[in-house]
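# What the coordinates show
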Amino acid sequence: MADGGRARPNILVTGTPGTGKTTTCSLLSDAIRLRHINVGELVREKDLHDGWDEEFECHIINEDLVCDELEDKMEEGGNIVDYHGCDFFPERWFDCVVVLQTDNSILHDRLSSRGYMGPKLINNIECEIFQVLLEEAKASYAEDIVMALQSDTVEDISRNVAKLTEWVNNWRPHRSS
Ligand code: ADP
Ligand code: MN
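Residues numbered from 1 in each chain as written. Chains lettered and ligands numbered in written order. Predicted model: local features only at pLDDT ≥ 70, side-chain atom pairs only at ≥ 80, totals over all residues. Heavy atoms only, no water.

Under an unreviewed UniProt entry, the name given to the protein is Adenylate kinase isoenzyme 6 homolog, and the source organism is Canna indica. Under the UniProt heading Sequence similarities (unreviewed entry), the entry covering the protein gives this text: "Belongs to the adenylate kinase family. AK6 subfamily." Taken directly from UniProt, the Subunit (unreviewed entry) text for the protein runs: "Interacts with small ribosomal subunit protein uS11. Not a structural component of 43S pre-ribosomes, but transiently interacts with them by binding to uS11." (UniProt positions renumbered as here; feature names shortened; annotations may be inferred.)

## Some thoughts on the site of ligand 1
The environment of ligand 1 is made up of 15 residues, and the closest members are Gly 18, Lys 21, Thr 23, Arg 114 and Thr 153. Here Gly 20 contributes a backbone N or O atom positioned 3.0 Å from an oxygen atom of ligand 1. For ligand 1, an oxygen atom lies 2.8 Å from a polar atom in the side chain of Lys 21. Among the detected pockets, ligand 1 sits in the largest pocket. Looking at the shell around ligand 1, the elements with two or more residues in it are α1 (21-32) and α7 (154-170). Tallied by class, the residues present in the shell around ligand 1 amount to 3 nonpolar, 8 polar and 4 charged. (Near = heavy atom within 4 Å. Polar contact = N/O pair within 3.5 Å; in protein donor to acceptor, adjacent residues only side chain to side chain. 1 Å grid on protein atoms, 1.4 Å probe; cavity = no way out; pocket = protein on both sides within 12 Å on 5 of 7 lines; lining within 4 Å. Sits in = over half its atoms within 2 Å of the grid points. Helix = DSSP H or I, 4+ residues; strand = E, 2+ residues; numbered from the N terminus. Nonpolar A, V, L, I, M, F, W, Y, C, P; charged D, E, K, R; others polar.)

## As for the packing of helix α4 (residues 104-113) against helix α5 (residues 118-129)
Look at α4 against α5: their axes get within 10 Å of each other, and the N-to-C directions meet at 155°. By the criterion of interaxial angle, the relationship of α4 to α5 is roughly antiparallel. Relative to α5, the crossing made by α4 is right-handed. Here α4 contributes Asn 104, Leu 107, His 108, Leu 111 and Ser 112 to the contact with α5, which in turn contributes Leu 121, Asn 124, Ile 125, Glu 128 and Ile 129. A breakdown of the residues in the contact of α4 with α5 according to their chemical character gives 5 nonpolar, 4 polar and 1 charged. (Axes fitted to C-alpha atoms, helices over the stretch in contact; angles between N-to-C directions. Parallel < 35°, antiparallel > 145°, perpendicular 65-115°, else oblique. Left-handed = near helix turned anticlockwise from the far one by under 90°. Contact = heavy atoms within 4.5 Å.)

## Focus: the pattern of salt bridges
Think of it this way: side chains of opposite charge can pair up when their charged atoms draw near. The final tally for this structure, using the stated rule, is 5 salt bridges. With a closest N to O distance of 3.0 Å, Glu 76 and Arg 35 form a salt bridge. A residue pair is termed long-range when its members are at least 10 positions apart, and Glu 76 in helix α3 (residues 63-76) and Arg 35 in strand β2 (residues 35-38) qualify at 41 residues. Overall, the relative accessible area of 31% leaves Arg 35 in the partly exposed class. (Salt bridge = Lys/Arg side-chain N within 4 Å of Asp/Glu carboxyl O. Buried < 20%, exposed > 50% of the residue type's maximum accessible area, 1.4 Å probe, protein only.)

## Concerning the layout of surface pockets
In this structure, the largest pocket spans a volume of roughly 1100 Å³. In this structure, the largest pocket is lined by 42 residues; those nearest its centre are Pro 17, Cys 58, Tyr 83, His 84 and Tyr 116. If you list the elements that add at least two residues to the lining of the largest pocket, you get α1, α2 (39-46), β3 (49-53), β4 (58-61), α5, α6 (132-140) and α7. The leading source of residues in the lining of the largest pocket is α2, at 5 residues. Grouping the amino acids of the lining of the largest pocket by side-chain chemistry returns 16 nonpolar, 14 polar and 12 charged. (Points joined across faces, edges and corners; volume = space filled by probe spheres on them.)

In structure tokens, the structure reads:
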């Protein structure tokens, strides 16, 4: 496995909106001092999009601009990337791909209380039911680096952060010639 010689690993945390990516990544970055990159925020801050999707009420992300923006940091290593998509990042960027998953009824309540409704709510619940992000992760990365983690309760979050902290602490650079 090529890791480009980085001294610290890069982790991708993906999953349907509301599964707890940002909460998990914030706690994890506090625990192990990796850089938390919230791609949705970055897209808004740096205008890395091609306008607004009226139906799904979100920016239409410009994947090339996002990848160009992140390349140097990813080469350096030590990043936790937080995004509800994973198929457009270069495969070589990541040492671990985490897919957070949440029970459908719990997710429904979380998204409703976030103000999601109509097609946006239905689309996201279906995304979770059909395990779209898990399939996308498995199709885009080596299966042995993809880790599906349940994120229903706050205890799940603590357990996931502990597990990932341990994973990072055990990670060693590959010294391929
Ligand atoms: P995402 O970044 O995947 O959209 P967030 O981290 O923003 O998700 O979480 C969405 C909401 O759900 C927040 O209010 C958060 O506190 C709550 N939440 C997320 N994961 C869990 C969990 N495992 N247990 C309890 N609440 C959670
Ligand atoms: Mn988020």
